Amino acid sequence: MTMVVDSLRGEFVRYKDLGEKAIAQLSDDELSRAGAPGGNSIATIIWHISGNLRSRFSDFLTSDGEKPWRQREEEFEPRSVTRDEVLETWNGGWNVLIDTLSSLTDNDLQRTITIRSQPMSVVAALHRSLAHISYHIGQIVYIAKSIRGDNWNYLSIPPGKSDEFNRSMTERR
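Residues numbered from 1 in each chain as written. Predicted model: local features only at pLDDT ≥ 70, side-chain atom pairs only at ≥ 80, totals over all residues. Heavy atoms only, no water.

### Quick look at helix α6 (residues 122–148)
How we decide: The helix and strand labels rest on DSSP assignments: H or I over at least four residues marks a helix, E over at least two residues marks a strand, and numbering proceeds from the N terminus. Multiply 1.5 Å by the residue count of a helix minus one, and that product is the helix's expected span. Burial classification: accessible surface area is computed with a 1.4 Å probe over protein chains only, and a residue below 20% of its type maximum counts as buried, one above 50% as exposed, and the rest as partly exposed.
Spanning 27 residues, α6 covers 38 Å between terminal C-alpha atoms, matching the ideal 39 Å at 1.5 Å per step. Turning to α6, its buried residues number three or more, namely Val-122, Ala-125, Leu-126, Ser-129, Leu-130, Ile-133, His-136, Ile-137, Ile-140, Ile-143, Ala-144 and Ile-147. Just beyond α6, the residue with positive phi is Gly-149, at close to 55°.

### Quick notes on helix α5 (residues 83–103)
Rules: Summarising the geometry, the arc corresponds to the directions from the helix axis toward the C-beta atoms.
With 21 residues, α5 should reach 30 Å at 1.5 Å per residue; the first-to-last C-alpha distance of 30 Å fits that figure. Within α5, the full set of buried residues consists of Val-86, Thr-89, Trp-90, Gly-93, Trp-94, Leu-97, Thr-100 and Leu-101. When α5 is viewed along its axis, its buried side chains cluster within an angular range of 120° and face the same direction. Those residues of α5 that are exposed and aimed more than 90 degrees away from the buried face are Asp-84, Glu-88, Asp-99 and Ser-103.

### Section: the nonpolar core
Under the convention used in this document: Grouping buried Ala, Val, Leu, Ile, Met, Phe, Trp, Tyr and Cys residues that are joined through side-chain atoms within 4.5 Å yields what is termed a nonpolar core. Residues are treated as being in contact if the distance between any of their heavy atoms lies within 4.5 Å.
With 39 residues, the main nonpolar core has Ile-42, Ile-49, Trp-94, Leu-126 and Ile-140 as its most contacted residues. Counting residues per element, the ones that place at least two in this core are α1 (3–23), α3 (42–57), α5, β1 (112–115) and α6. Broken down by element, this core gets its largest block of residues, 10 residues, from α6. Residue contacts for Ile-140: discarding those within four places in its chain leaves Gly-19, Ala-22, Ile-23, Ile-42, Ile-45, Ile-46, Ile-49 and Trp-90.

### Observations regarding the packing of aromatic side chains
Given two aromatic rings, one states the distance between the centres and the angle between the planes to describe the pair. Here is the rule we go by: Pairing of aromatic rings covers Phe, Tyr and the six-membered ring of Trp, with a centre-to-centre limit of 6.5 Å; geometry is then stacked below 30 degrees between planes, edge-to-face above 60, and tilted otherwise.
Inspection of every chain in the model, using the stated rule, returns two aromatic pairs. Between Phe-57 and Phe-60 the ring centres are 5.0 Å apart and the planes differ by 25°, which places this aromatic pair in the stacked class. Of the residues examined, Phe-60 reaches a relative accessible area of 5% and is grouped as buried. Geometrically, the ring pair formed by Trp-90 and Trp-94 is tilted, given 5.5 Å between the ring centres and 50° between the ring planes. Pair noted here: Trp-90 and Trp-94 are both in helix α5, with a separation of four residues, about one helical turn. Note on Trp-90: relative accessible area 1%, which makes it buried. Exposure remark for Trp-94: the relative accessible area of 0% places this residue in the buried category.

### Examining the packing of α1 against α6
Rules: Lines are fitted to the C-alpha atoms to define the axes, a helix being fitted only along its stretch in contact, and any angle between axes, read from their N-to-C directions, falls within 0 to 180 degrees. Note on angle classes: values under 35 degrees are labelled roughly parallel, values over 145 roughly antiparallel, values of 65 to 115 roughly perpendicular, and the remainder oblique. Left-handed is the label given to a crossing in which the near helix is rotated counterclockwise from the far helix by less than a right angle, and right-handed is the label when the rotation is clockwise. Classes in brief: Ala, Val, Leu, Ile, Met, Phe, Trp, Tyr, Cys and Pro nonpolar; Asp, Glu, Lys and Arg charged; the others, Gly included, polar.
Close contact between α1 and α6 brings their axes to 9 Å; oriented N to C, the two are set at 15°. In terms of their interaxial angle, α1 and α6 are classed as roughly parallel. Between α1 and α6 the crossing geometry is left-handed. Here α1 contributes Leu-8, Glu-11, Phe-12, Tyr-15, Leu-18, Gly-19, Ala-22 and Ile-23 to the contact with α6, which in turn contributes Leu-126, His-127, Ser-129, Leu-130, Ile-133, Ser-134, Ile-137, Ile-140, Val-141 and Ala-144. The residue inventory of the contact of α1 with α6, partitioned by class, reads 13 nonpolar, four polar and one charged.

Treat this as a map of the structure, not an account of what it does.
Rendered as structure tokens:
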């Protein structure tokens, strides 16, 4: 049975999709532009997300989630990259996560793993990771929206359209 794991996988994929829709609205140069004075660019956040996912979900059930090969500080270095490099890095981390989630069962949720030598249940680690990823996807969306300004294509219900959306949902029943 994988009802809980499937639910968590669905939420991870939903956030992945939101990030990709924000990324798609930007040019290569905009992906590398810092979000605020002293802030991270979308590319930098993607390097961090990918490094985190690769580290946490490689050998998920059998080794510490903070791998010795991860260079976390390097993830935050400013970088000028192409869209292809961004998407390759992005997908590299997400693929490790999705592959690992596909191998888990709900029975695995009671197992104990470690992250930075801290023991926790698999379900706690998955929730922790989902919260961490959603936080950073929010940053990506915010930065992208700030860059695009009036040319932003909303990823959810646009301002002033809630009533229209709710009516359309009622009419679908």
